[in-house]
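# Reading the structure
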Amino acid sequence: MEPWACEFRGRLEEHWLESRALRDNPLGDPHVRPLWVSVPASYDEGDDRYPTVYVLHSLAAQLDMWRNRKPFARTFPEAVDHLFASGQAPPCLVVWVDAWTSLGGSQFLDSPATGRYHTYLCEEVVAWVDRHYRTLPHPAHRALMGHSSGGYGAIVTAMRRPDLFGGFASHAGDCLFEACYLPDFPKAVRALRLEYGGSYERFWEDFRSRPGFTKESDGVLLNVYCMAACYSAEPDGTVRLPFDPTTGALDLEVWARWLAHDPVRLAPHHAEALRCMRAVYLEAGRRDEYFLDLGAEALRQALAAAGVAEVGCELFEGRHGGVDHRFPLGLRYLAERLAPEW
């Protein structure tokens, strides 16, 4: 394989969407967002309509990071094109959605602290794609996938909008919050005390004055605050932490608000929608640093208890990052089950 590019058999089309939902968002982040659509090689050979898979990115990511190349590997857009051109999966339209925020991400939720990213995805992006491409505009032929926070967004968006989506693939999506989030709370408290006098305001002032992630504590401090902005913001946009920032003592009322967003706990409340899913795929590395292998298994069990008949689930040898080579597996699983002939 050539080291700098792979020749596409189909094409990657790049667009910009002006969003009403994101206009005047609380963070002042751009309301005009990039949107990519991977078009398979067969698209121009007739007038067939195609299933659609929406790809959601992880925390602290943005759309153009999908072009980042690892040694001896295709980028994910290149891998998507190869998957369909080689006949390894039925062709789909693949839509790449941007939900970056200046706090690091949105969890693809509507929040008074970050903006209306669930609304943007469901009410604007899907409608735009259906207008501009030959899609099969029915939930049986529409799904979501993502890694980490993108996996979380895929799960909860499908749960809450079965009128739009009939499947999802989660690659180490945030689940079982006591396993993936709680261990970071004392780390965040200690970092705030040692480096910022207990003040998140000082952290953000410092973080924005230099290249991001150049301090060891940046990751945990950004992750905890960003999740609080998504899960436990007040109507006026005030971000409430689920712990005392000086002692780390858990604030049970705020923590309960976080748990209400946990897919493992959401599953029983969305059992009917989940039973209607045409495709559900979960996976995580057995050595995931955030214990999302435990989350994947807990969600698999919750889905089984909700009556979901078939769930693809795989725990593989790997960690949280460096798993891009796994993404085509989730896409193939979805593509096979979204195809009209399935």
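Notes on the structure in this doc start here. All values reported here derive from a predicted model rather than from experimental measurement.

## Points about the pairing of strand β9 (residues 279–285)
Burial analysis of β9 places 7 of its 7 residues in the buried class, which makes it a mostly covered element. Two strands pair when backbone bridges link them, and strand β8 (residues 167–171) and β9 are joined in this way by 5 bridges, in the parallel orientation. Across the sheet, the residue bridging to Phe168 is Val280, located in β9. Bridge count between β9 and strand β10 (residues 312–316): 5 bridges; the pairing is parallel. Bridging from a neighbouring strand, Tyr281 pairs with Gly312 of β10.

## Some details on the side chain of Thr101
Position of Thr101 among the secondary structure elements: in the loop between β4 (93–97) and β5 (110–111). At 2.9 Å, the side chain of Thr101 forms a polar contact with the backbone oxygen of Gly105. In this structure Thr101 touches Leu27, Asp29, Ser106 and Tyr117, once residues within four positions along its chain are discounted.

## Here we look at the environment of Asp184
Relative to the elements of secondary structure, Asp184 occurs in helix α5 (residues 184–196). Remark: the alpha-carbon pair of Asp184 and Asn223, spanning 39 residues in sequence, is separated by 8.8 Å. If we skip the residues at most four places from it in the chain, Asp184 touches Val220, Asn223, Val224 and Tyr290.

Reading guide: rules and limits
Residues numbered from 1 in each chain as written. Predicted model: local features only at pLDDT ≥ 70, side-chain atom pairs only at ≥ 80, totals over all residues. Heavy atoms only, no water. Buried < 20%, exposed > 50% of the residue type's maximum accessible area, 1.4 Å probe, protein only. Helix = DSSP H or I, 4+ residues; strand = E, 2+ residues; numbered from the N terminus. Pairing = 2+ DSSP bridges. Polar contact = N/O pair within 3.5 Å; in protein donor to acceptor, adjacent residues only side chain to side chain. Contact = heavy atoms within 4.5 Å.

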